[in-house]
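Residues per chain, in single letters:
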Amino acid sequence: MTKYKTVLGDTWDIIARKVYGSGKEKYAHYLMDANRDLLDEFIFSEGVEVICPDISDKSSELPDAYPEWRT
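The rules behind each value
Residues numbered from 1 in each chain as written. Predicted model: local features only at pLDDT ≥ 70, side-chain atom pairs only at ≥ 80, totals over all residues. Heavy atoms only, no water. Helix = DSSP H or I, 4+ residues; strand = E, 2+ residues; numbered from the N terminus. Buried < 20%, exposed > 50% of the residue type's maximum accessible area, 1.4 Å probe, protein only. Contact = heavy atoms within 4.5 Å. Areas by Shrake-Rupley, 256 points an atom, 1.4 Å probe, with all protein chains shown as cover. Phe/Tyr/Trp six-rings, centres within 6.5 Å; stacked < 30°, edge-to-face > 60°. Salt bridge = Lys/Arg side-chain N within 4 Å of Asp/Glu carboxyl O. Core = buried A, V, L, I, M, F, W, Y, C linked by side-chain atoms within 4.5 Å.

Asker: Help me understand the overall build of the chain in this model?
Answerer: Helix and strand counts for the chain come out as two helices and two strands. Ordered by position from the N terminus, the helices and strands of the chain form the series β-α-α-β. The burial tally for the chain puts 34% of its 71 residues in the buried class. Pairs at least 24 residues apart make up 64% of the contacts formed inside the chain by residues separated by at least 6 positions. Carbon and sulfur atoms form 48% of the exposed surface of the chain, whose accessible area is close to 4700 Å².

This is the structure:
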């Protein structure tokens, strides 16, 4: 598990791409699940600490489409 400090304008999918790599925006639901206290945030201000869980062992569970919150 790592932590990420937001920059002004970050969103859940942008953070997922920055942390997990290009094309990994669909991992945003793991970030949201680990940071339930931040779910009211859509566009982050600067300096918010976001917990980023390790997902390598869960990657086979990921859907091929966008996460449910994004559809």
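Asker: It is not clear to me how the packing of aromatic side chains should be interpreted in this structure. Could you clarify?
Answerer: What characterises a pair of aromatic rings is the spacing of the ring centres plus the angle enclosed by the ring planes. Inspection of the entire model under this criterion finds three aromatic pairs. Ring centres of Trp 12 and Phe 44 lie 5.1 Å apart, and the angle between their planes is 80°; this geometry places the pair in the edge-to-face category. Of the two residues, Trp 12 is situated in helix H1 (residues 12-20) and Phe 44 in the loop between helix H2 (28-34) and strand S2 (49-52); the sequence distance between them amounts to 32 residues. Three or more aromatic residues joined by ring pairs form one cluster here, namely Tyr 20, Tyr 27 and Tyr 30.

Asker: I'm lost on the pattern of salt bridges in this one. Help?
Answerer: Working definition: two side chains of opposite charge can pair if their charged atoms are close together. For the structure shown, the criterion picks out four salt bridges. With its nearest N and O atoms 3.4 Å apart, the salt bridge here joins Glu 49 to Lys 3. Of this pair, Glu 49 sits in strand S2 while Lys 3 sits in strand S1 (residues 2-5); the two residues are 46 residues apart in sequence, bridging distant segments of the chain. Assessed through its relative accessible area of 56%, Lys 3 is described here as exposed. With its nearest N and O atoms 3.4 Å apart, the salt bridge here joins Arg 17 to Glu 25.

Asker: How should I be thinking about the nonpolar core in this particular structure?
Answerer: Soluble globular proteins: nonpolar side chains tend toward being buried together. Formed by 16 residues in total, the largest nonpolar core has its most connected members in Trp 12, Tyr 20, Leu 31, Phe 44 and Val 50. If we ignore the near neighbours within four places in the chain, the residues touching Phe 44 are Thr 6, Val 7, Leu 8, Gly 9, Asp 10, Thr 11, Trp 12, Ile 15, Leu 38 and Val 50.

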